[in-house]
Amino acid sequence: MFTNSLRIAFAGLTISATAAWASPVGPATLQGDVKDSKGQAVAGAEVHIQAKDGSNLQKIVRTDANGHYVCPKLPQTDYEVVLFVNGAIKASINNTKTFADKPTQLDFKLTGQYAVNKPAKKHTHMVYVPAETGSNLSGRWVEVDDNTGSSAAATAGTGHIDRGGNAMVKQIQKNSGATGGD
């Protein structure tokens, strides 16, 4: 009976040791520095770390005043690391491997896009271009850039267009002989 208990205990110990040896758990550390294009530290940037082993492990760390971040006590596996600065994604690294024997150093140096102002957003609107007289084709919608003025509308095939209000529309209707519901 004692021999059977000893065999069961030995088998349990062997299984536990094998599982512990095979599992990717370890005291891994991910650390690094975040600098802008001029080499200045970026404080307050968020580093999102997500395990790719299916464990749903997610960590978020922030850079300190020196632009340095540290995330200790991570399981030893592959990670996806995403850098956010002011809420915008600035960098993403899909396969970062951590090791138990040494910290994994992952530094970010941002390009000039972060240091300078972003270009103005493109503002566009859609314009319906009716079919030409005698054409069997229907009209079409054309995207026109608001920043370039009426020359973009002319090149899109809409002819010369100026911006106008209700008075201009009424004048066009009056001149074209179109009747409204008045």
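Residues numbered from 1 in each chain as written. Predicted model: local features only at pLDDT ≥ 70, side-chain atom pairs only at ≥ 80, totals over all residues. Heavy atoms only, no water.

Colleague: In this structure, what is going on with the overall build of the chain? I would like to understand it.
Modeller: Secondary structure summary: the chain contains 4 helices and 10 strands in total. Within the chain, the fraction of its 182 residues that count as buried is 23%. Total accessible area on the chain stands at roughly 13000 Å², and carbon and sulfur atoms take up 55% of it. (Helix = DSSP H or I, 4+ residues; strand = E, 2+ residues; numbered from the N terminus. Buried < 20%, exposed > 50% of the residue type's maximum accessible area, 1.4 Å probe, protein only. Areas by Shrake-Rupley, 256 points an atom, 1.4 Å probe, with all protein chains shown as cover.)

Colleague: Just checking my understanding: could you explain the environment of glutamine 40 for this structure?
Modeller: Among the structural elements, glutamine 40 can be located in the loop between strand S1 (28-35) and strand S2 (46-51). In sequence terms glutamine 40 and lysine 109 are 69 residues apart; their C-alpha atoms lie 9.4 Å from each other. Those residues in contact with glutamine 40 that lie beyond four places of it in its chain are Val34 and Lys35. (Contact = heavy atoms within 4.5 Å.)

Colleague: What should I look at first to understand the sheet that holds strand S5 (residues 78-85) in this one?
Modeller: Each strand in a sheet pairs with another by means of backbone hydrogen bonds, the pair being arranged parallel or else antiparallel. Spatially, 4 strands are ordered S3-S2-S5-S6 in an open sheet, and the strand pairing comes out antiparallel. Both edges of this open sheet fall to strand S3 (58-62) and strand S6 (88-97), since each of them pairs with a single strand only. Between one strand axis and the next, the sheet turns by 20° as a mean value, whatever way the strands run. (Pairing = 2+ DSSP bridges. Axes fitted to C-alpha atoms, helices over the stretch in contact; angles between N-to-C directions.)

Colleague: Looking at this structure, I do not really get the nonpolar core. What am I missing?
Modeller: Counting residues in hydrophobic clusters, the biggest one holds 19 residues, and the most contacted among them are Val47, Ile49, Tyr69, Val81, Leu83 and Phe108. Looking at this core, the elements with two or more residues in it are S1, S2, strand S4 (68-74) and S5. At 4 residues, the largest contribution of residues to this core is made by S5. Beyond its immediate sequence surroundings of up to four residues, leucine 83 is in contact with Val34, Ala45, Glu46, Val47, Ala88, Ile89, Lys90, Ala91, Phe108 and Leu110. (Core = buried A, V, L, I, M, F, W, Y, C linked by side-chain atoms within 4.5 Å.)

Colleague: How do you make sense of the side chain of threonine 29 when you look at a structure like this?
Modeller: Mapped onto the elements of the fold, threonine 29 is located in strand S1. The contacts of threonine 29, once residues within four sequence positions are left out, are Val70, Cys71, Pro72, Lys73, Phe99, Pro103 and Thr104.

Colleague: Looking at this structure, how should I read the packing of aromatic side chains?
Modeller: A ring pair, where both rings are aromatic, is described by two values, the distance of the centres and the angle of the planes. If you walk through the whole model with that rule in mind, you get 1 aromatic pair. The residue whose ring lies beneath lysine 102 is phenylalanine 99, and the NZ or CZ to ring-centre distance is 5.7 Å. (Phe/Tyr/Trp six-rings, centres within 6.5 Å; stacked < 30°, edge-to-face > 60°. Lys NZ or Arg CZ within 6 Å of the ring centre and 35° of its normal.)

Colleague: I tried to follow a nonpolar patch on the surface on my own but got confused; where do I start?
Modeller: Taken together, the side chains of Met126, Tyr128 and Trp141 make up a nonpolar region of the molecular surface, amounting to roughly 380 Å² of accessible area. Along the polypeptide, methionine 126 turns up in strand S9 (residues 124-129). A relative accessible area of 47% means that methionine 126 is categorised as partly exposed. (Patch = residues over 30% accessible without salt bridge, like charges linked within 9 Å, V, L, I, M, F, W, Y side chains within 5 Å. Salt bridge = Lys/Arg side-chain N within 4 Å of Asp/Glu carboxyl O.)

Colleague: How should I be thinking about the pattern of salt bridges in this particular structure?
Modeller: Where side chains of opposite charge bring their charged atoms close, a pairing between them can arise. Enumeration according to the criterion identifies 1 salt bridge in this entry. A salt bridge links glutamate 46 to arginine 62; the shortest N-O distance between them is 2.8 Å. Here glutamate 46, found in strand S2, pairs with arginine 62, found in strand S3; they are 16 residues apart in sequence, far enough to count as distant.

Colleague: What's the story with unusual backbone geometry in this structure? I'm lost.
Modeller: Positive phi outside glycine occurs at asparagine 56, with the angle close to 60°. Topologically, asparagine 56 is positioned in the loop between S2 and S3. Unlike most non-glycine residues, lysine 73 shows phi in positive territory, near 60°. Mapping lysine 73 onto the fold places it in strand S4.

Colleague: Explanation requested: the confidence of the model for the chain in the structure shown.
Modeller: The predicted coordinates should not be examined in detail at positions where pLDDT is low. Per-chain confidence: the chain averages 74 in pLDDT, with 60% of residues scoring 70 or above. Within the chain, S3 carries the highest mean pLDDT (93), whereas helix H3 (residues 150-158) carries the lowest (48). Between residues 17-24, whose pLDDT stays under 50, and residues either more than four places distant or in other chains, the model counts 3 contacts. Here residues 150-154 scores under 50 on pLDDT; set against residues more than four positions off or in separate chains, the count is 10 contacts. (pLDDT = per-residue confidence, 0-100.)

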